[in-house]
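Inside the fold
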Amino acid sequence: MLSKKMEEILNLQVGKEAYASALYLAMASWAEKKGYEGISEWFYAQSEEEREHMLKFLRYVNERGGHGIVPLVDQPPVEFKDVKNVFDASLEHEQMVTRSINEIVGLALEEKDFITHNWIQWFVQEQLEEESSVQGIIDKLNMLEGKSLYVFDRDIMKIRGAGEEGAE
Ligand code: FEO
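Scope of this entry: the structure provided in the associated data block. This one's a predicted model, so the numbers in the text were calculated from it and none came from an experiment.

With that settled, the discussion passes to the overall build of the protein chain. Of regular secondary structure, the protein chain possesses 6 helices and 0 strands. Along the protein chain, from the amino end to the carboxyl end, the secondary structure elements read α-α-α-α-α-α. Along the first, second and third principal axes, the C-alpha set of the protein chain runs to 55 × 30 × 20 Å. Buried residues in the protein chain amount to 40% of all 168 residues. A sequence separation of at least 24 residues applies to 80% of the contacts in the protein chain between residues at least 6 apart. As displayed, the protein chain has an accessible area near 9600 Å², and 54% of this comes from carbon and sulfur atoms. Counting 18 positive and 32 negative side-chain charges, the protein chain places the centres of these two groups 1 Å from one another.

This is how it looks when you write it as structure tokens:
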């Protein structure tokens, strides 16, 4: 059974994952409208993953005797300056999520809730992978130094595939 405090922080995380899903959906839609097919596919896939994260938290709360709450989600930005700006915003968001997952790990240790501590390790690893995957994309964008985004856009989904194979 979760403590009230743990239930609350996990439900806050449900909201953060839901916002991440909406944010990446907004980025996907922006990229699609700009004609960046690969980048939009990348963000559509990312948005789906975040929805899965949200579900994992929500269902874990229910599984442990709490009540997973479906959150009200703020509207994400509609416009972005450019592709680099989109990925910078995405990295910033992932770093915020990592800090918030760390808070949960900290509380689990404080409460000696080793079930939650064990369960959340999947997210600890996931955050490591997500941050490094977005950072890798930003590094590649920096290499372009303002040159054509065409090849980058064409190949971005291959980078995603390679990362996922490595993770499994
Ligand atoms: Fe679910 Fe990308 O954090």
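The next point concerns the nonpolar core. A general trend in soluble globular proteins is that nonpolar side chains are found buried together. One finds Ile-39, Phe-43, Phe-87 and Phe-152 to be the most contacted residues of the largest nonpolar core, which totals 21 residues. Only helix H1 (4–34), helix H2 (37–63), helix H3 (83–110), helix H5 (121–144) and helix H6 (150–167) provide two or more residues apiece to this core. For this core, the leading source of residues is H1, giving 7 residues. Apart from the residues within four sequence positions on either side, Phe-152 is in contact with Ile-39, Val-83, Phe-87, Ile-137, Lys-140, Leu-141 and Leu-144. If you look at the next biggest cluster of nonpolar residues, it comprises 18 residues, including Leu-58, Tyr-60, Val-97 and Ile-104.

So, on to H1. The terminal C-alpha atoms of H1 lie 45 Å apart, and with 31 residues this matches the ideal 45 Å at 1.5 Å per residue to within 8%. At the exit of H1 stands Gly-35, carrying a positive phi of roughly 90°.

In this section: the environment of Val-151. With respect to the helices and strands, the residue Val-151 is situated in helix H6. Residues Val-151 and Gly-66, spaced 85 residues apart in sequence, show a C-alpha to C-alpha distance of 48 Å.

The subject of this paragraph is unusual backbone geometry. Despite not being glycine, Lys-112 shows a phi value in the positive range, around 55°. Turning to its location among the elements, Lys-112 is positioned in the loop between H3 and helix H4 (114–119). Classification of Lys-112 as exposed rests on a relative accessible area of 62%.

Right, let's talk about the side chain of Ser-90 for a bit. Looking at where Ser-90 falls in the secondary structure, it is placed in helix H3. The contacts of Ser-90, once residues within four sequence positions are left out, are Tyr-24, Met-27, Phe-43 and Val-134.

All right, on to the packing of H3 against H5 then. Where H3 contacts H5, the two axes come as close as 9 Å, and the packing angle between them is 160°. One finds that H3 runs roughly antiparallel with respect to H5. The two elements H3 and H5 cross, and the hand of that crossing is left-handed. Taken together, the residues of H5 that come into contact with H3 (itself represented by Val-83, Lys-84, Phe-87, Asp-88, Ser-90, Leu-91, Glu-94, Gln-95, Val-97, Thr-98, Ile-101 and Val-105) are Phe-123, Val-124, Gln-127, Glu-130, Glu-131, Val-134, Gln-135, Ile-137, Ile-138, Leu-141 and Asn-142. Looking at the contact of H3 with H5 residue by residue, the classes come out as 12 nonpolar, 6 polar and 5 charged.

Thresholds, definitions, all that
Residues numbered from 1 in each chain as written. Predicted model: local features only at pLDDT ≥ 70, side-chain atom pairs only at ≥ 80, totals over all residues. Heavy atoms only, no water. Helix = DSSP H or I, 4+ residues; strand = E, 2+ residues; numbered from the N terminus. Buried < 20%, exposed > 50% of the residue type's maximum accessible area, 1.4 Å probe, protein only. Contact = heavy atoms within 4.5 Å. Areas by Shrake-Rupley, 256 points an atom, 1.4 Å probe, with all protein chains shown as cover. Lys, Arg positive; Asp, Glu negative; His and termini not counted. Charge placed at Lys NZ, Arg CZ, Asp CG, Glu CD. Core = buried A, V, L, I, M, F, W, Y, C linked by side-chain atoms within 4.5 Å. Expected span 1.5 Å × (residues − 1). Axes fitted to C-alpha atoms, helices over the stretch in contact; angles between N-to-C directions. Parallel < 35°, antiparallel > 145°, perpendicular 65-115°, else oblique. Left-handed = near helix turned anticlockwise from the far one by under 90°. Nonpolar A, V, L, I, M, F, W, Y, C, P; charged D, E, K, R; others polar.

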